[in-house]
Amino acid sequence: MRLFKKHSSVRKGSFEYLKEELVNYIATNKHEITRTINERAKGDPLKAYEGMLEVYDEVLNRIEDKCEFKSTCKKGCADCCYQAIYVNYLEAKIILDSIDKLYRRQREKIRKVAQENMRIIEENKIPLKLLMVDDETDIQKKYLKLKLPCPLLGEEHSCIIYNDRPTVCQRYRNYGEACKCEGQISNDSYSFPELADEQVLIEMAINGEKSPDTRFFLLSSLLANEI
Ligand code: SF4
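As the structure is a computational prediction, the values presented were derived from the model and not from experiment.

Draft legend 1. Representation of the overall build of the protein chain in the model. Counting its regular elements, the protein chain contains eight helices and five strands. When the elements of the protein chain are put in sequence order from the N terminus, they spell out α-α-β-α-α-β-α-α-β-β-α-β-α. Buried residues in the protein chain amount to 27% of all 227 residues. For the protein chain, the proportion of contacts with a sequence separation of at least 24, taken over those separated by at least 6, is 71%.

Written out as structure tokens, the structure reads:
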């Protein structure tokens, strides 16, 4: 088995090239990545979760620099915040703790948007819960047509709980033309499927269970009911 895969015929400076570079890097450095996450965690599963996001962010930044190919995501561009966002128990806890620290007026505004969203979500029979194995593609296509903003989207089109936003938001990067993702999921986006394994291990450690809780809740539903 060869450790370093050669690039296929994909063009340097393309999204496919970056993806290949990233997949090869993670496959080759998996033990090192896990060791770094464990070092930062110091035995605390919540810190492990933060560490996991930090480390993968650093890896992707490094690969972007190496490939000289940067994500087109920028502050104020929030088209991806109109997707259906599903979160698990751990993320829900982090999000609700973060919202708890906001002013009452902000919390009420979030709840109002979430409740308005829920009226339309229920009319359109969007699932409120998913399992890890469920395919979201059709749900996302339907949801994007509803043009519902995430309740956590702030006035300047930035996330109100940026540092505590769900994993799916943290790991999503678009490499296609900026602002072309409006109303659709960009074909040139990457959302770190490699993180899923680490996340499962950390959740198992937190829950003290043999298997992770694989249920995911629709963010608007969580916010409409829990704040
Ligand atoms: S949680 Fe924040 S980043 Fe994620 S969709 Fe909502 S506003 Fe956007």
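Draft legend 2. Region of the structure containing helix H2 (residues 45-67). The end-to-end C-alpha distance of H2, which contains 23 residues, comes to 33 Å, matching closely the 33 Å that a straight helix rising 1.5 Å per residue would cover. Taken as a whole, H2 has its buried residues at Ala48, Tyr49, Gly51, Met52, Val55 and Tyr56. Following H2 by one or two positions, Glu68 adopts a phi angle in the positive range, close to 50°.

Draft legend 3. Structural view of the nonpolar core. Of all hydrophobic cores here, the largest spans 36 residues; its most connected members are Ile85, Tyr86, Val87, Leu218 and Leu219. Of all the secondary structure elements, the ones that give two or more residues to this core are H2, strand S1 (86-87), helix H3 (89-100), helix H4 (104-123), helix H6 (167-170), strand S5 (215-218) and helix H8 (219-226). Take this core: its biggest share by element is five residues, from H2. A domain split of this core shows at least three residues from each of domain 1 (1-70) and domain 2 (75-226). The residues touching Ile85, leaving out its near neighbours within four places in the chain, are Cys150, Pro166, Val168, Cys169 and Leu219.

Draft legend 4. The arrangement of unusual backbone geometry in detail. Although it is not a glycine, Lys42 adopts a positive phi angle of roughly 45°. Its location among the elements puts Lys42 in the loop between helix H1 (15-41) and H2. Take Lys42: there are 9 C-beta atoms within 10 Å of it, and that puts it in the exposed class.

Draft legend 5. Inspection of H1 at higher detail. Given a rise of 1.5 Å per residue, 27 residues ought to cover 39 Å, yet the end C-alpha atoms of H1 are separated by just 32 Å, more than 12% below that figure. By the largest-angle criterion, Asn29 marks the main kink of H1, which is about 75°. Of all the residues in H1, the buried ones are Phe15, Leu18, Glu21, Leu22 and Ile37. Lys42 occupies a position one or two residues after H1 and carries a positive phi of about 45°.

Draft legend 6. Spotlight on the environment of Glu64. Following the sequence through the fold, Glu64 ends up in helix H2. For the pair Glu64 and Phe15, spaced 49 residues apart in sequence, the C-alpha separation works out to 10.0 Å. Those residues within four positions of Glu64 in sequence are excluded, and the remaining contacts are Leu18, Phe69, Lys70 and Ser71.

Draft legend 7. Up close: the packing of H4 against H8. Relative orientation of the contacting elements H4 and H8 amounts to 125°, with a least axis distance of 8 Å. Between H4 and H8, the angle is such that the two are oblique. In this structure, H4 crosses over H8, and the sense of that crossing is left-handed. Each of Ile110, Arg111, Ala114, Gln115, Asn117, Met118 and Ile121 in H4 lies in contact with H8, whose residues at this interface are Ser220, Ser221, Leu223 and Ala224. Residue classes in the contact of H4 with H8 are distributed as six nonpolar, four polar and one charged.

Draft legend 8. Up close: the packing of H1 against H2. One way to put it is that H1 packs onto H2 with a least axis distance of 9 Å and a crossing angle of 145°. Crossing handedness for the pair H1 and H2: right-handed. Residue-level contacts link Tyr17, Leu18, Glu21, Leu22, Tyr25, Ile26, Ile33, Thr36, Ile37, Arg40 and Ala41 of H1 to Pro45, Lys47, Ala48, Gly51, Met52, Val55, Val59, Leu60, Ile63, Glu64, Lys66 and Cys67 of H2.

Draft legend 9. Looking closely at the environment of Arg173. Mapped onto the elements, Arg173 comes out in strand S3 (residues 173-174). Classification of Arg173 as buried rests on a count of 20 C-beta atoms within 10 Å.

Draft legend 10. Fine view of the environment of Ile121. Inspection of the secondary structure puts Ile121 in helix H4. Between the C-alpha atom of Ile121 and that of Ala84, which follows or precedes it by 37 residues, the distance is 9.9 Å. The residues contacting Ile121, other than those within four sequence positions of it, are Ile126 and Ser220.

Rules and cut-offs
- Residues numbered from 1 in each chain as written.
- Predicted model: local features only at pLDDT ≥ 70, side-chain atom pairs only at ≥ 80, totals over all residues.
- Helix = DSSP H or I, 4+ residues; strand = E, 2+ residues; numbered from the N terminus.
- Buried ≥ 20, exposed ≤ 12 C-beta atoms within 10 Å, placed from the backbone.
- Contact = placed C-beta atoms within 7 Å.
- Expected span 1.5 Å × (residues − 1).
- Core = buried A, V, L, I, M, F, W, Y, C linked by C-beta atoms within 7 Å.
- Domains from an automatic or database assignment.
- Bend = angle between axes of the 7 residues up to and from the residue.
- Axes fitted to C-alpha atoms, helices over the stretch in contact; angles between N-to-C directions.
- Parallel < 35°, antiparallel > 145°, perpendicular 65-115°, else oblique.
- Left-handed = near helix turned anticlockwise from the far one by under 90°.
- Nonpolar A, V, L, I, M, F, W, Y, C, P; charged D, E, K, R; others polar.

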